[in-house]
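Observations on the three-dimensional arrangement
Residues per chain, in single letters:
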Amino acid sequence: MRIHGWRWSAAAAAVVLLVAGWIALRPGRDHHSSHPASTENYLPGVAADVYLPPSPAGRAPVVVLIPGGGWRTADRRGLGPLADTLAAHGMVAVNATYRAADSGVRFPVPVSDVVCAVDFAADRARRAGIAPGPVVVLGHSSGAHLASLAALAGAHFRKDCPYPAVRVDGLVGLSGPYNILLLRGVAYPLFGASGADVPAAWREGNPMTWLTSRRDLPALLAHGAADDLVSPTFTRTFAEALEAAGHPVELKLVPGAGHQDIYQPAVIADSV
């Protein structure tokens, strides 16, 4: 694994080549052509914006975007421009919210919602006449934490989802606080109880617990080097742990980028 560089494994290259090949079939697309085809509730009262490619047909990558919000909220609006950009380049992009602490829920409900959003996204692509693949889940900040759990242990967290189950093909984590055991105060809203009171739940909700559950899962982990809200150390440590467990990992540290810069299309869209 190299910082500011790329070391392609066979698994990671296969996913990237499929996405790149799809984009290559659509020369001349700009970053401003899609806008949501629809906004739909994938669960009762839980919404997602669906962005379709300009000319949907055949097979296309599906990217599910998961916002942050400190596990308290899940405002997806900030990820809209990135979703729009990905759709303009031939992908199905689903920008999904989920129930968070301010909705009165606790772990594992937010993770289960993310898993269901992925299943919904693939199902929605099929209903648009698009064969989904590869399927990638992308999260920012606390959304990256939830996305990593959904990618590594989706079968474990899937519950009461009305769509056919989908296996995630790749993870994109943007400025995520992955090891929540180091954030016991900040991550408290996710559980509504301390690690001392519910230690099993905190272990279950820590992506570090699931490193070996899917060794074939490729990950792109990006972090702004100037992030003063979530330290880049979280991403470096998670990348090292994933790679040690056998995952293909690409680590991208973006000079000068802060916590809210990392998901801007000009910063990260080409890498995704």
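Here's a quick rundown of the structure. (Residues numbered from 1 in each chain as written. Predicted model: local features only at pLDDT ≥ 70, side-chain atom pairs only at ≥ 80, totals over all residues. Heavy atoms only, no water.)

1. So, the pattern of salt bridges
Between side chains of opposite charge, a pair can form as their charged atoms come close. To keep things clear, this is the line we draw: In the sections that follow, a salt bridge refers to a side-chain nitrogen of Lys or Arg positioned within 4 Å of a carboxyl oxygen of Asp or Glu. We count a stretch as a helix when DSSP gives it H or I for four or more residues in a row; a strand needs E for two or more, and each element gets its number in order from the N terminus. Residue exposure (1.4 Å probe, protein chains only): buried if accessible area is under 20% of the type maximum, exposed if over 50%, otherwise partly exposed.
On inspection of all chains with the given rule, the structure shows nine salt bridges. The salt bridge partner of Arg99 is Asp113, with a shortest N-O separation of 2.7 Å. Here Asp113 lies in helix α3 (residues 109–127) and Arg99 lies in the loop between β4 (92–96) and α3, a separation of 14 residues in the sequence. Assessed through its relative accessible area of 34%, Arg99 is described here as partly exposed. Assessed through its relative accessible area of 1%, Asp113 is described here as buried. Note that Arg214 and Asp216 form a salt bridge whose closest N and O atoms lie 3.4 Å from each other. Given the relative accessible area of 10%, Arg214 is considered buried. One salt-bridge network, held together by shared partners, links Glu40, Asp123, Arg124 and Arg127.

2. Notes on the state of the cysteines
For clarity, the cut-off: Here, the term disulfide refers to a pair of cysteine sulfur atoms separated by no more than 2.5 Å.
According to the stated counting rule, one finds one disulfide in the structure shown. A sulfur-sulfur separation of 2.1 Å characterises the disulfide bridge that pairs Cys116 with Cys161. Linking Cys116 and Cys161, the disulfide has an S-S dihedral of approximately 85 degrees and is accordingly described as right-handed. Separated by 45 residues along the polypeptide, Cys116 in helix α3 and Cys161 in the loop between α4 (142–157) and β6 (170–174) bring together distant segments of the chain.

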